[in-house]
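Structural description and commentary
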Amino acid sequence: RVSYVITFVLLPSLAYADTPRYNMTRGVTDISQQVYQLHMIIFYICCAIAVVVFGLMFWSIVRHRKSKGNEPAKFHGSLKMEVLWTAIPVVILVVMAIPATKTLIAMEDTSKADITVLVTGSQWKWHYKYLEYPIDFYSRLSTPREQIVNEAEKDNNYLLEVDKPLVIPTDKKVRFLVTSDDVIHSWWVPAFAVKKDANPGFINETWARVNKPGVYRGQCAELCGKDHAYMPVVVEAKSPQEFERWTQQQIAEIEAAKAAEAAKGTMSMDELMALGKTTYDTHCAACHQVSGEGLAGVIPALKGSVMATQDMPGHIHIVLHGKPGTAMQAYSKQLSNSEMAAVITYERNAWGNSTGDLVQPAD
Ligand code: CUA
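Keep in mind that this is a model prediction, so the values were computed, not measured. (Residues numbered from 1 in each chain as written. Predicted model: local features only at pLDDT ≥ 70, side-chain atom pairs only at ≥ 80, totals over all residues. Heavy atoms only, no water.)

**Some details on the sheet that holds strand β4 (residues 166-169)**
Here we have three strands laid out as an open sheet, ordered β4-β10-β9, and mixed in their pairing. The outermost strands of the open sheet, each flanked by one partner alone, are β4 and β9 (214-219). For this sheet, the mean angle separating the axes of adjacent strands, direction not counted, is 25°. When β9 meets strand β10 (residues 232-238), the two strands line up antiparallel, connected through six bridges. Bridging from a neighbouring strand, Gln 219 pairs with Pro 232 of β10. (Pairing = 2+ DSSP bridges. Helix = DSSP H or I, 4+ residues; strand = E, 2+ residues; numbered from the N terminus. Axes fitted to C-alpha atoms, helices over the stretch in contact; angles between N-to-C directions.)

This is how it looks when you write it as structure tokens:
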């Protein structure tokens, strides 16, 4: 009977449990595969313990169900039993601890990395900065909100997209330095077995060597405010040659953008206001609101404020460098010079000023 139960119930249910839908992923790094194997070893050990313990328990319940009035066996103070039930768990724990410790040590070893990426979380986007290349960019949710709500109801595996994924080479040790601009986030890519908290003021380290090119997805894994659910992580692993090509292309694009910016010359007031609105809606509206009214007691209003309408040097300084101790972060890296000029102009004029005239910054 026991063998029937094992063959027809236990083994099929274990096999069923080991599908990506119910089990953890095997992943695409050596570490993630070790983690998966550890998880499975410990899972099977737990199953074996459960079978023995519950088997004995049910056997004794059924076997002795009619032994009325009999005294139960007594083994209080039995040295043999004490040794046995201490030794068996110790052996089981040691068997689990040896491979687990090996993997943990390997996971923490960020030395001898081929490339390093600084990952900074902020409400609600990721900033990736390559330390070996002059490349850094923000990676933001790009799926329209209405689409998310509609599609996610129909499709359980609905994926959120970003405007620009992190690109890394395969077969290279990539070190990630993880930190935050504001609150605690967590950078999580299940296929790499990587999940590191991004803490403001601290840098955590982790690493991955990806074995297979592809797109790997994760999500901010620390509740970080109203858009926590909309902070996807998308990583694209390319072969080392393709990665090199990608970096050259990025550098060329950055140079071209700089040249275009320099060649732009003077913008008309309408152009400035249009660019300012786009910039404001992308970077500022999440906190200061589309109306510029802020949130009473939490986020200061820009509409009609002295800061936004009169103290231009002060305003520019805060936008560029942020305001320590508040959620206002530095935008010196996030905004181009034109966007900076445009957003300051927009904030000064958008919601109407006392004279009704548009005020263009002097310089
Ligand atoms: Cu960032 Cu949750």
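On we go.
**A closer look at the sheet that holds strand β8 (residues 204-208)**
Strand pairs in the sheet, formed through backbone hydrogen bonds, run parallel or antiparallel to each other. Pairing is mixed across the open sheet formed by five strands, whose spatial order is β3-β2-β1-β5-β8. Here the strands that pair on one side only, and so sit at the sheet edges, are β3 (135-139) and β8. For this sheet, the mean inter-axis angle between neighbouring strands, taken without regard to orientation, is 20°. Sitting on the sheet, helix α5 (residues 240-263) touches β1 (115-122), β2 (125-130) and β3, and the angle it makes with β3 is about 90°. (Contact = heavy atoms within 4.5 Å.)

**Quick notes on the side chain of Gln 250**
Its location among the elements puts Gln 250 in helix α5. A polar contact of 2.8 Å, which involves the side chain of Gln 250, links it to the side chain of Lys 164. With residues up to four places along the chain from it excluded, the contact list for Gln 250 reads Ile 135 and Lys 164. (Polar contact = N/O pair within 3.5 Å; in protein donor to acceptor, adjacent residues only side chain to side chain.)

**A closer look at the packing of helix α2 (residues 30-63) against helix α3 (residues 79-108)**
Where α2 meets α3, the axes come as close as 10 Å, and the angle between the chain directions of the two elements is 165°. By the angle between their directions, the pair α2 and α3 is classed as roughly antiparallel. By crossing handedness, the relation of α2 to α3 is classed as left-handed. Side by side, α2 and α3 meet where Ile 31, Gln 34, Val 35, Leu 38, Ile 42, Ile 45 and Ile 49 of the first sit next to Ile 92, Val 95, Met 96, Pro 99, Ala 100, Thr 103, Ala 106 and Met 107 of the second. When its residues are assigned to classes, the contact of α2 with α3 shows 13 nonpolar, two polar and no charged. (Parallel < 35°, antiparallel > 145°, perpendicular 65-115°, else oblique. Left-handed = near helix turned anticlockwise from the far one by under 90°. Nonpolar A, V, L, I, M, F, W, Y, C, P; charged D, E, K, R; others polar.)

**Quick look at the environment of Thr 279**
Among the secondary structure elements, Thr 279 is positioned in helix α6 (residues 269-283). Sequence-wise, Thr 279 and Gly 201 are 78 residues apart; in three dimensions their C-alpha atoms are separated by 27 Å. Dropping the residues within four chain positions of it, Thr 279 is found in contact with Cys 284, Leu 335, Glu 339 and Val 343.

**Re the side chain of Ser 305**
If you trace the backbone, Ser 305 turns up in the loop between α7 (285-288) and α8 (306-309). Of the polar contacts made by the side chain of Ser 305, one reaches the backbone nitrogen of Ala 308; its length is 3.0 Å.

**A look at the domain arrangement of the chain**
Taken domain by domain, the chain comprises domain 1 (2-64 + 75-108), domain 2 (115-260) and domain 3 (265-349). Put simply, the middle of domain 1 and the middle of domain 3, counted by C-alpha atoms, are 57 Å apart. (Domains from an automatic or database assignment.)

**Observations concerning the environment of Asp 163**
Mapped onto the fold, Asp 163 is located in the loop between α4 (145-154) and β4. Apart from the residues lying within four places of it in its own chain, the contact partners of Asp 163 are Tyr 138, Ser 139, Arg 140 and Ser 142. Separated by 2.8 Å, the side chain of Asp 163 and the backbone nitrogen of Arg 140 make a polar contact.

**So, the packing of aromatic side chains**
Two aromatic rings, taken as a pair, are described by how far apart their centres are and by the angle between their planes. By the definition in use, this model includes 14 aromatic pairs. Considering the side-chain rings of Phe 75 and Trp 85, the 6.3 Å spacing of their centres and the 65° angle between planes classify their relative orientation as edge-to-face. Note that Phe 75 is positioned in the loop between α2 and α3 and Trp 85 in helix α3, a separation of 10 residues in sequence. Residue Phe 75 is classed as partly exposed on the basis of its relative accessible area of 42%. The class of Trp 85 is partly exposed, set by a relative accessible area of 46%. (Phe/Tyr/Trp six-rings, centres within 6.5 Å; stacked < 30°, edge-to-face > 60°. Buried < 20%, exposed > 50% of the residue type's maximum accessible area, 1.4 Å probe, protein only.)

**What to know about the packing of helix α9 (residues 312-321) against helix α10 (residues 337-349)**
At a minimum axis distance of 11 Å, the contact between α9 and α10 shows a crossing angle of 125°. When the axes of α9 and α10 are compared, the pair comes out oblique. Every pair of crossing elements has a handedness; the one defined by α9 and α10 is right-handed. Contact with α9, carried on its side by Met 312, His 315, Ile 316, Val 319 and Leu 320, involves Met 340, Ile 344, Glu 347 and Arg 348 of α10 and no other residues of that element. Per-class residue counts for the contact of α9 with α10 are six nonpolar, one polar and two charged.

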